[in-house]
Amino acid sequence: MADRYLDVSLDKRGVHCTARLLDDRAPLTCAAVWDALPLGGDVYHAKYARNEIYTLLAPFAAQEPPLENPTITPIPGDLCYFTFSGTELGTSSYGYAAESEAHGRPTVVDLALFYERNNLLINGDAGWVPGIVWGTVVEGLDRMADACQDLWRAGAVGESLSFRRA
């Protein structure tokens, strides 16, 4: 199979990077994401994992992918896929608005981009949170990392994270 690429963007900030799908390591996850593109929504900056931005989505795959190519220590440029139950994210300690994708659904999909080193996927409420590494940024990570730091410092309100075929 030929390499497949997607564009990951912070739309309001006008910043994007290009990622290659890891079809050889996470074929079921890559197929699920690719077939559902374009995807996107409100962006959040991680509270626990450190250097991560993500969006929460309604499930889009016919069947949730298994935990293929898992990690608890993502590196800069990793795209990760997580699945949570709505009750896992539905508590006020996470800070999601009542109308967000985190509430009122049996399953929530989290698509994330890790932009810097020293990440550890552990949650104080749930313990280890392994993610599926399904893509890697191959161009523009430096610009995206700068925008992610700005998102952390200036806020995420009104910003969206989008994934589109390149």
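Scroll up to find the structure this text is about.
Only a predicted model underlies this, so the values are computations on that prediction, with no experimental measurement involved. (Residues numbered from 1 in each chain as written. Predicted model: local features only at pLDDT ≥ 70, side-chain atom pairs only at ≥ 80, totals over all residues. Heavy atoms only, no water.)

Engineer: Could you clarify how one ought to interpret the nonpolar core in this entry?
Structural biologist: Across soluble globular proteins, nonpolar side chains have a tendency to be buried as a group. Grouped together as the largest cluster of nonpolar side chains are 33 residues, with contacts concentrated most on Val8, Ile53, Leu111, Trp134 and Phe163. When residues in this core are grouped by element, the largest group, 5 residues, is from helix α3 (residues 141–154). Other than its neighbours up to four places away in sequence, Val8 contacts Val15, His16, Cys17, Ala19, Leu79, Leu113, Met144, Leu161, Ser162 and Phe163. Counting residues in each nonpolar core, the second largest holds 16 residues, with Tyr54, Cys80, Phe114 and Leu121 among its members. (Core = buried A, V, L, I, M, F, W, Y, C linked by side-chain atoms within 4.5 Å. Buried < 20%, exposed > 50% of the residue type's maximum accessible area, 1.4 Å probe, protein only. Helix = DSSP H or I, 4+ residues; strand = E, 2+ residues; numbered from the N terminus. Contact = heavy atoms within 4.5 Å.)

Engineer: Looking at this structure, how should I read the packing of aromatic side chains?
Structural biologist: Within this structure, the stated rule accounts for 4 aromatic pairs. An angle of 50 degrees between the planes, with centres 6.1 Å apart, marks the rings of Trp134 and Phe163 as tilted. Here Trp134 is found in strand β10 (residues 131–139), whereas its partner Phe163 is found in strand β11 (residues 160–165), with 29 residues between them in sequence. (Phe/Tyr/Trp six-rings, centres within 6.5 Å; stacked < 30°, edge-to-face > 60°.)

Engineer: Looking at this structure, how should I read the pairing of strand β3 (residues 39–45)?
Structural biologist: On a regular strand, one side chain projects to one face of the sheet and the next to the other, so that they alternate. Direction of pairing for β3 relative to β11: antiparallel, over a ladder of 4 bridges. Each residue of the ladder has a partner; that of Leu39, found in β11, is Phe163. Sheet topology places β3 next to strand β4 (residues 52–57); 3 bridges connect them, and they run antiparallel. Note on β4: the bridge partner recorded for His45 is Ile53. A loop of 6 residues connects β3 with β4, the two strands running antiparallel in sequence, and Arg50 in this loop sits at a positive phi of about 90 degrees. (Pairing = 2+ DSSP bridges.)

Engineer: It is not clear to me how the state of the cysteines should be interpreted in this structure. Could you clarify?
Structural biologist: What is meant by a disulfide is a covalent connection between two cysteines, made through their sulfur atoms. Going through the model one piece at a time under the given rule, you end up with 0 disulfides. No disulfide involves Cys17; its nearest neighbouring cysteine sulfur is the one of Cys148, lying 7.9 Å away. Free of any disulfide, Cys80 has its nearest cysteine sulfur in Cys30, 11 Å distant. The exposure class of Cys80 is buried, given its relative accessible area of 0%. (Disulfide = S-S within 2.5 Å.)

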